[in-house]
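Overview (structure and organization)
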Amino acid sequence: MTQAVEIFEVGPRDGLQNEPAFISSEDKIALTEALAGAGLLRVECASFVSPRWVPQMADGAQVVQGVTPGAAQIYALAPNLRGLQAALATPVGGVCVFIAATEGFSRANTNISLAGAVERLNEVIAAFKTEAPEGVRLRGYISCVTECPYDGPVEPLEVARLAELLHRAGCDEISLGDTIGTAYPEQVAGMLEAVVQRVPVDALAGHFHDTAGRALANIDVSLEYGLRIFDASIAGLGGCPYAPGAKGNVDTELVYDHLITRGYEISGRPDRVKLAQAARLARKILGRAEGTADEI
Ligand code: HMG
Ligand code: MG
């Protein structure tokens, strides 16, 4: 079976948000454009969250406004009404709302109980429906779908309940996050078993951090369940400021090579050489590689 799988690029957002030294808007823009130029269809490059909470993402408006995305759609995170309005004042192609499957992570990441988060999310989605320009898409993230750094193992039925809630509320896509990157394929299977009963599989994406090196195995099990969208981060950048120890998202190039080896086509047919160039640029921006701009 050959079927197209999309890589949803989150490097300029999830990959950079945890970096302690501020990365210039110009560098964030250059990285986003390199990824879009490589043929990835969607690139998440900003968060309209509190700069007190995530200082690295304080320049979301400058970044989204500064990007020339070509054919790619630009996505940005919004945690509340203020974030939504700030995002919609820019030319975003998609807005992402986010919620956690556990009390502990909800409070650590967004300073609110899970019930409060659901209420806030419903408010944001209602406003999105009246205020978003035609064609702007709405993505919902669920964090800690198998394991929470504060509350431990997560009940699959709770993830399914939240996924259905997001879907019914109006998210056209729900990204299921292994936030701390420790899930085993069996846990992912157990979680998906519950979620696919409640939400159409083509509205689901897998978001695997790769702390334990099992992200590709988790992608494989998700493919078996019919998922065809996977989030990835160029050069494997990343980590969540409120998930201690969590490493980067699974590396975009690794996912690309893995899927191609398994006989899948990648939506948008990204250019492998340009992906490698974008990875070099990402490492250079973070000072993790020798090399000059000419090599990029
Ligand atoms: P709070 O402290 O409860 O809210 O934070 P507040 O209303 O008291 O606001 C605190 C300050 O932020 C105030 O400023 C507000 O004006 C300001 P001050 O008066 O102190 O100067 N503020 C804002 N500024 C700009 N834009 C806004 C905004 N809202 C308030 N939208 C809040 C609540 C939700 C705002 C906060 O907790 C927050 O921003 N959290 C976001 C944390 C975050 O971005 N985490 C990473 C993204 S999620 C993730 O990475 C997981 C994911 O990758 C999937 C996975 O891996 O699982 C998606
Ligand atoms: Mg993440």
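Structure: above.
The structure reproduced in this document is the subject of the present report. This is a predicted model, so every value here is computed, not measured. (Residues numbered from 1 in each chain as written. Chains lettered and ligands numbered in written order. Predicted model: local features only at pLDDT ≥ 70, side-chain atom pairs only at ≥ 80, totals over all residues. Heavy atoms only, no water.)

**Quick look at the state of the cysteines**
- One pass over the full model with this rule turns up zero disulfides.
- In this structure Cys45 is not part of a disulfide, and its nearest cysteine sulfur, from Cys96, lies 10 Å away. (Disulfide = S-S within 2.5 Å.)

**Quick look at the site of ligand 1**
- Within the structure, ligand 1 sits among 27 residues, and Arg52, Arg82, Asn111, Ser143 and Thr179 are positioned closest to it.
- Take Trp53: an N or O atom from its side chain is 3.2 Å from an oxygen atom of ligand 1.
- For ligand 1, the protein covers 77% of the area, taking 1100 Å² as the surface of the free molecule.
- According to the grid-proximity analysis, the pocket containing ligand 1 is the largest pocket.
- At the level of elements, α1 (11-15), α4 (81-88), α5 (103-110) and β5 (137-143) are the ones that each hand at least two residues to the shell around ligand 1.
- Split by residue class, the shell around ligand 1 holds ten nonpolar, twelve polar and five charged. (Near = heavy atom within 4 Å. Polar contact = N/O pair within 3.5 Å; in protein donor to acceptor, adjacent residues only side chain to side chain. Areas by Shrake-Rupley, 256 points an atom, 1.4 Å probe, with all protein chains shown as cover. 1 Å grid on protein atoms, 1.4 Å probe; cavity = no way out; pocket = protein on both sides within 12 Å on 5 of 7 lines; lining within 4 Å. Sits in = over half its atoms within 2 Å of the grid points. Helix = DSSP H or I, 4+ residues; strand = E, 2+ residues; numbered from the N terminus. Nonpolar A, V, L, I, M, F, W, Y, C, P; charged D, E, K, R; others polar.)

**Regarding the side chain of Lys28**
- Within the secondary structure, Lys28 is located in helix α2 (residues 25-37).
- At 2.9 Å, the side chain of Lys28 and the side chain of Asp59 are in polar contact.

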